[in-house]
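Close look at the chain arrangement
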Amino acid sequence: MSGQAAMDRLLRGEIRPGAARTRCGDGRRGGCRRTRRLQALQDAGEIPDPREAQVARLKAENSKLKERLAQSEQTIDALTDFRAQALARLAAQHEEIVHLRQTTATASRVARLPAARSSTTVIGTRS
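A quick note: this is a predicted structure, and the numbers were derived from the prediction, not measured.

Parameters and conventions
- Residues numbered from 1 in each chain as written.
- Predicted model: local features only at pLDDT ≥ 70, side-chain atom pairs only at ≥ 80, totals over all residues.
- Heavy atoms only, no water.
- Helix = DSSP H or I, 4+ residues; strand = E, 2+ residues; numbered from the N terminus.
- Buried < 20%, exposed > 50% of the residue type's maximum accessible area, 1.4 Å probe, protein only.
- Contact = heavy atoms within 4.5 Å.
- Areas by Shrake-Rupley, 256 points an atom, 1.4 Å probe, with all protein chains shown as cover.
- Salt bridge = Lys/Arg side-chain N within 4 Å of Asp/Glu carboxyl O.
- pLDDT = per-residue confidence, 0-100.

**A few points about the overall build of the chain**
- Along the backbone of the chain there are 4 helices and 0 strands.
- Put simply, the chain runs from its N terminus to its C terminus through helices and strands in the order α-α-α-α.
- A total of 127 residues make up the chain; the buried ones form 13% of that total.
- Across the chain, every contact between residues at least 6 apart in sequence was considered, and the portion connecting residues at least 24 apart equals 39%.
- Accessible surface, the chain: about 11,500 Å² in total, of which carbon and sulfur atoms supply 54%.

Printed below as a string of structure tokens:
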């Protein structure tokens, strides 16, 4: 097998099992320098530039993170709106209860119910 083929195999990451080869040894056997051959393959588009691959990977990761951040912000906005609506409803219900208590206290024709017994049943569980 020619040194050129050995260099090609090495650059593609194909190493035979049990073969104790080094990049320098394969390059010398092929009569060409590894860096020159690697550059030629990169120029031909067969092997991507590691820096360009890393930049592309980081850009993809960055866009995914931006998308997750936007989704998180939407969720936070929705939950904040829900909280505000829940608090407004609770406040309105409280005002209605206070109003009804005042109305029943001043109305003479409304009969009061007996006070709650001490053995009341609790619905639900306590956490």
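From this point on, the discussion continues.
**Some details on the pattern of salt bridges**
- One pass over the full model with this rule turns up 1 salt bridge.
- Residues Glu61 and Arg57 are paired through a salt bridge, measuring 3.6 Å at the closest nitrogen-oxygen approach. Taken together, the residues span about one helical turn, with Glu61 and Arg57 both in helix α4 (residues 50-106) at a distance of 4 residues.
- Among the residues examined, Glu61 registers a relative accessible area of 40% and is labelled partly exposed.

**Here we look at the confidence of the model for the chain**
- Looking at the chain as a whole, the pLDDT averages 78, with 65% of positions reaching at least 70.
- Within the chain, no element has a lower average pLDDT than helix α2 (residues 23-30), which sits at 53, and none a higher one than α4, at 93.

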